[in-house]
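# Structural overview for review
Residues per chain, in single letters:
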Amino acid sequence: MTARRKRLLVGVIVPIEVILAVLAWRDLASRTDGQVRGSKRMWRWLVVVNPGNSMAYWLLGRRD
């Protein structure tokens, strides 16, 4: 993979991860504790440490 292609890939992935992290925080703020698997504090911390963890929140952290 060329350096230019890597920069392009990072330029696409990073904004997507940031957007998903912001949306996860918004969703956490609007949900009650009973609507989240685990604690809301834990999910916020996981999303801040690694924005890629917001995908885990969307897939595993929410209850219907």
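Residues numbered from 1 in each chain as written. Predicted model: local features only at pLDDT ≥ 70, side-chain atom pairs only at ≥ 80, totals over all residues. Heavy atoms only, no water.

When we look at burial in helix H3 (residues 53–61), the residues that qualify are Ser54, Tyr57 and Gly61. Down the axis of H3, the sector holding all buried residues measures 70 degrees, keeping them to one side. Of the exposed residues in H3, the ones pointing more than 90 degrees away from its buried face are Leu59 and Leu60. Contacts made by the buried residues of H3 are with helix H1 (3–30) and helix H2 (40–49). (Buried < 20%, exposed > 50% of the residue type's maximum accessible area, 1.4 Å probe, protein only. Helix = DSSP H or I, 4+ residues; strand = E, 2+ residues; numbered from the N terminus. Arc of directions from axis to C-beta. Contact = heavy atoms within 4.5 Å.)

So, on to the packing of H2 against H3. For the pair H2 and H3, the least separation of the axes is 8 Å and the interaxial angle reads 150 degrees. On H3, the residues touching Trp43, Leu46 and Val47 of H2 are Asn53, Ser54, Ala56, Tyr57, Leu60 and Gly61. (Axes fitted to C-alpha atoms, helices over the stretch in contact; angles between N-to-C directions.)

Before going further, it helps to spend a moment on the side chain of aspartate 27. Relative to the helices and strands, aspartate 27 resides in helix H1. A distance of 2.4 Å separates a polar atom in the side chain of aspartate 27 from a polar atom in the side chain of tyrosine 57. In terms of polar contacts, aspartate 27 uses its side chain to reach the side chain of arginine 62, at 3.4 Å. Every residue in contact with aspartate 27, bar those within four places of it in the chain, is listed here: Tyr57, Trp58 and Arg62. (Polar contact = N/O pair within 3.5 Å; in protein donor to acceptor, adjacent residues only side chain to side chain.)

So, about the packing of aromatic side chains. What characterises a pair of aromatic rings is the spacing of the ring centres plus the angle enclosed by the ring planes. Within this structure, the stated rule accounts for 2 aromatic pairs. Consider the rings of tryptophan 43 and tyrosine 57, whose centres lie 5.6 Å apart with planes at 65 degrees: the pair is edge-to-face. One end of the pair, tryptophan 43, is in helix H2; the other, tyrosine 57, is in helix H3, with 14 residues separating them in the sequence. Assigned by exposure class, tryptophan 43 and tyrosine 57 land together as buried. Between tyrosine 57 and tryptophan 58 the ring centres are 5.5 Å apart and the planes differ by 65 degrees, which places this aromatic pair in the edge-to-face class. With a relative accessible area of 27%, tryptophan 58 lands in the partly exposed category. One aromatic cluster in this structure is built from Trp43, Tyr57 and Trp58. A cation over an aromatic ring shows up here: arginine 44 above the ring of tryptophan 25, its NZ or CZ 5.8 Å from the ring centre. (Phe/Tyr/Trp six-rings, centres within 6.5 Å; stacked < 30°, edge-to-face > 60°. Lys NZ or Arg CZ within 6 Å of the ring centre and 35° of its normal.)

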